Amino acid sequence: MKESEIKLRVILDDENIPEQIFWDATEKEEEGEEETKSVSLNIWDHKSQNTLRIDLWNKEMPTDEMKRFYVDCLGGLAQSILNSTGDEFMSTAMNRLCDKLVKHLEEEAKNGNQ
């Protein structure tokens, strides 16, 4: 049996706010820890039929990058739902929302609001 592992390491300040976030995985191409600004982890709890979530970002992550990160996450979920269930309706609806959100972010950037 093959085993794969994903590791997260978070360095917190005195107020428990992430200063640095590192990740590593046995299946990633490059060896060793890599730093990131944000992590979003979702775990399905089949017993209670709901999702457990951990959303972390470091102090230095700009708001516009944070918003883009969540749009990218939603786009990835749209592809995942299509790949795993074949549900084209859900995937298309999610991708349409992503398109709408990207336009919103572009408009914000154009107007200097972020």
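These notes cover the structure that comes with them. Only a predicted model underlies this, so the values are computations on that prediction, with no experimental measurement involved.

Rules of the game
Residues numbered from 1 in each chain as written. Predicted model: local features only at pLDDT ≥ 70, side-chain atom pairs only at ≥ 80, totals over all residues. Heavy atoms only, no water. Helix = DSSP H or I, 4+ residues; strand = E, 2+ residues; numbered from the N terminus. Rg over C-alpha atoms; globule rule 2.2 N^0.38 Å. Expected span 1.5 Å × (residues − 1). Buried < 20%, exposed > 50% of the residue type's maximum accessible area, 1.4 Å probe, protein only. Contact = heavy atoms within 4.5 Å. Pairing = 2+ DSSP bridges.

Looking at the overall build of the protein chain
Moving on, step 1. Helix and strand counts for the protein chain come out as two helices and five strands.
Moving on, step 2. Along the protein chain, helices and strands appear, N-terminal first, in the series β-β-β-β-β-α-α.
Moving on, step 3. Taking 2.2 N^0.38 as the reference for a compact globule, 114 residues should give roughly 13 Å; the C-alpha atoms of the protein chain span a radius of gyration of 17 Å, well beyond that estimate.
Moving on, step 4. Summarising its shape, the C-alpha atoms of the protein chain cover approximately 40 × 35 × 35 Å along the three principal directions.

Looking at unusual backbone geometry
Moving on, step 1. Here N16, not a glycine, exhibits a phi torsion of approximately 65 degrees, which is positive.
Moving on, step 2. Mapped onto the secondary structure, N16 falls in the loop between β1 (6-12) and β2 (18-25).
Moving on, step 3. In this structure, Q49 is a non-glycine residue whose phi angle is positive, near 55 degrees.

Details of helix α1 (residues 63-85)
Moving on, step 1. Its 23 residues place the ends of α1 33 Å apart at the C-alpha level, agreeing with the 33 Å of an ideal helix rising 1.5 Å per residue.
Moving on, step 2. Along α1, the residues classified as buried are M66, F69, V71, L74 and A78.
Moving on, step 3. Check the buried side of α1 and you find it contacts β4 (38-45), β5 (50-57) and α2 (88-111).

Side note on the pairing of β2
Moving on, step 1. Relative to β2, β1 is paired through seven bridges, and the arrangement is antiparallel. The residue of β2 that forms the bridge with L8 is W23.
Moving on, step 2. Relative to strand β3 (residues 34-36), β2 runs antiparallel, the two sharing three bridges. For I21, the partnering residue across the bridge sits in β3 and is T36.

Nothing here speaks to function; it is all geometry.
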